[in-house]
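Letter by letter, the chains look like this.
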Amino acid sequence: HAKSAGRGAARVFDPQMDETAQARIALERDLREALANELFELHYQPLVELGSGKVKGLEALVRWRHPQKGLISPATFIPMAEETGLIVPLGEWILNQACRDAATWPSDVSVAVNVSAVQLRHRTFAQVVLLALASSGLKPDRLELEITESVLLDDTEANLETLHLLRRTGIRIAMDDFGTGYSSLSYLRRFPFDKIKIDQSFVRNAETAADGGAIIRALVGLGASLGITTLVEGIETEDQLASVRADGAQQVQGFLFSPPRPARDVGAMLLPRATPDDAAA
Ligand code: C2E
Ligand code: MG
Ligand code: MG
Ligand code: MG
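Residues numbered from 1 in each chain as written. Chains lettered and ligands numbered in written order. Predicted model: local features only at pLDDT ≥ 70, side-chain atom pairs only at ≥ 80, totals over all residues. Heavy atoms only, no water.

Details of the nonpolar core
Part 1 of the reasoning: Ranked by internal contacts, the top residues of the largest apolar core, which has 74 residues, are Phe40, Tyr44, Phe77, Val111, Leu143 and Leu145.
Part 2 of the reasoning: In terms of residues, this core owes the most to one element, helix α4 (residues 87–102), which gives nine residues. (Core = buried A, V, L, I, M, F, W, Y, C linked by side-chain atoms within 4.5 Å. Buried < 20%, exposed > 50% of the residue type's maximum accessible area, 1.4 Å probe, protein only. Helix = DSSP H or I, 4+ residues; strand = E, 2+ residues; numbered from the N terminus.)

Shown next, in the form of structure tokens:
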């Protein structure tokens, strides 16, 4: 087996490893090319306010339009983009495109952009964000940056400084996938988040596990007492919607309202729509 062979030789003669390495190199090369040729596109998914039923914002979710493989999910290429550092130029493209798109929407609709830890840590990040706003003409209070807890795990002081600087301009900061990382609660004390997005796993668990939504209720209550907007992710059914509504969540997002759709469909997503509440009224 490769392990017993000499170090250098192992790589050459292990067909498995060779294949994996080849695939990675190919993916990285494709990713670079895609960036150069602008083969990425942003899809948007509504962030819905429960009280009014209004679309308060749209989350930008990147897709890669691969000439052979079709539309590729970010779960497949974001990790590779982070490892290779390509997330920095890709993230810059995403910010610019999202701000340009949002500048064409009604002025009470915001755009939410996901920011990776690698991107935030990069020294030009704040400048890149401010330039995207300036060149698109989008007001800072229409931009929301979604970060995950991993962002606060490393380089904490520098990252916090960057976030504070951006927040002072009026940009909002949301914590994404809340509840899936470590010591989520302590981070709420370290940084003044404007919003927490409660991870979709809690909606799934509420239906099967014994807690019956107790965690969502607790997190919504926590948000309320800290003056932080709470959004519940991954709403797929009317039952889930009724349940998180009863739990006091302010905003929701999920396939029940709309899957992420291309930018040209944003107009349709913003049209008033029949909700279960309208039917009841
Ligand atoms: P996220 O930011 O938590 O985005 C929400 C994900 O949940 C999206 O997956 C969305 O399509 C999916 N989703 C929304 N509603 C439902 C639902 O009702 N049920 C289910 N099962 N899923 C739902 P997507 O687009 O595949 O993105 C996956 C992750 O990739 C994102 O999670 C985010 O972490 C990352 N990502 C996406 N776009 C970007 C980007 O532009 N930049 C960075 N850095 N990361 C991104
Ligand atoms: Mg997100
Ligand atoms: Mg999320
Ligand atoms: Mg996620």
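Section: the pattern of salt bridges
Part 1 of the reasoning: Taken as a whole and judged by the stated rule, the model has 15 salt bridges.
Part 2 of the reasoning: A salt bridge links arginine 29 to aspartate 30; the nearest nitrogen and oxygen atoms lie 3.4 Å apart.
Part 3 of the reasoning: Looking at arginine 29, the relative accessible area reads 47%, which means it is partly exposed.
Part 4 of the reasoning: Lysine 56 is the salt-bridge partner of glutamate 49, the closest N and O atoms lying 3.9 Å from each other.
Part 5 of the reasoning: Residue glutamate 49 is classed as partly exposed on the basis of its relative accessible area, which comes to 26%. (Salt bridge = Lys/Arg side-chain N within 4 Å of Asp/Glu carboxyl O.)

Focus on the side chain of glutamine 119
Part 1 of the reasoning: The residue glutamine 119 is located in helix α5 (residues 117–121) in this model.
Part 2 of the reasoning: On the accessibility criterion, glutamine 119 (6% relative accessible area) is buried.
Part 3 of the reasoning: Excluding its chain neighbours within four sequence positions, the residues that come into contact with glutamine 119 are Ile87, Gly91, Glu92, Leu95, Asn114 and Phe125. (Contact = heavy atoms within 4.5 Å.)

Quick look at the packing of aromatic side chains
Part 1 of the reasoning: The full count for this structure, using the stated rule, is five aromatic pairs.
Part 2 of the reasoning: Ring centres of phenylalanine 191 and phenylalanine 193 lie 5.0 Å apart, and the angle between their planes is 70 degrees; this geometry places the pair in the edge-to-face category. Assigned by exposure class, phenylalanine 191 and phenylalanine 193 land together as buried.
Part 3 of the reasoning: Taken together, the aromatic side chains of Phe40, Trp64 and Phe77 make up a single cluster linked through ring pairs. (Phe/Tyr/Trp six-rings, centres within 6.5 Å; stacked < 30°, edge-to-face > 60°.)

Remarks on the coordination of the magnesium ion (ligand 2)
Part 1 of the reasoning: For the magnesium ion (ligand 2), the protein coordination sphere consists of Glu59 (OE), Asn114 (OD1), Glu146 (OE) and Asp176 (OD), at 2.0 to 2.2 Å.
Part 2 of the reasoning: Sequence spacing of the donor residues for the magnesium ion (ligand 2), all on one chain, is E-x54-N-x31-E-x29-D.
Part 3 of the reasoning: Between the two metal centres, the magnesium ion (ligand 2) and the magnesium ion (ligand 3), the spacing is 4.0 Å, with aspartate 176 acting as a shared donor. Pair noted here: glutamate 59 is in strand β2 (residues 55–66) and glutamate 146 is in strand β5 (residues 143–147), with a separation of 87 residues, a long-range link. In this structure, glutamate 59 and glutamate 146 share a single accessibility class: buried. (Donors = N, O, S within 2.8 Å, 3.2 Å for Na, K, Ca; no water.)

With respect to the site of ligand 1
Part 1 of the reasoning: In the region of ligand 1, 22 residues are neighbours, and Arg63, Asn114, Asp176, Glu236 and Phe255 sit closest.
Part 2 of the reasoning: Between ligand 1 and glutamate 59 there is a distance of 3.0 Å, counted from an oxygen atom to a side-chain nitrogen or oxygen.
Part 3 of the reasoning: In the model, an oxygen atom of ligand 1 is placed 2.9 Å from a nitrogen or oxygen of the arginine 63 side chain.
Part 4 of the reasoning: For ligand 1, the protein covers 81% of the area, taking 810 Å² as the surface of the free molecule.
Part 5 of the reasoning: Every element with two or more residues in the shell around ligand 1 is listed here: β2, α3 (74–84), β6 (172–178) and α10 (200–208).
Part 6 of the reasoning: Considering each element in turn, the shell around ligand 1 owes the most residues, four residues, to β2.
Part 7 of the reasoning: Of the residues contributing to the shell around ligand 1, the split by class is eight nonpolar, six polar and eight charged. (Near = heavy atom within 4 Å. Polar contact = N/O pair within 3.5 Å; in protein donor to acceptor, adjacent residues only side chain to side chain. Areas by Shrake-Rupley, 256 points an atom, 1.4 Å probe, with all protein chains shown as cover. Nonpolar A, V, L, I, M, F, W, Y, C, P; charged D, E, K, R; others polar.)

Scope: geometric values only; no functional claims are made or implied.
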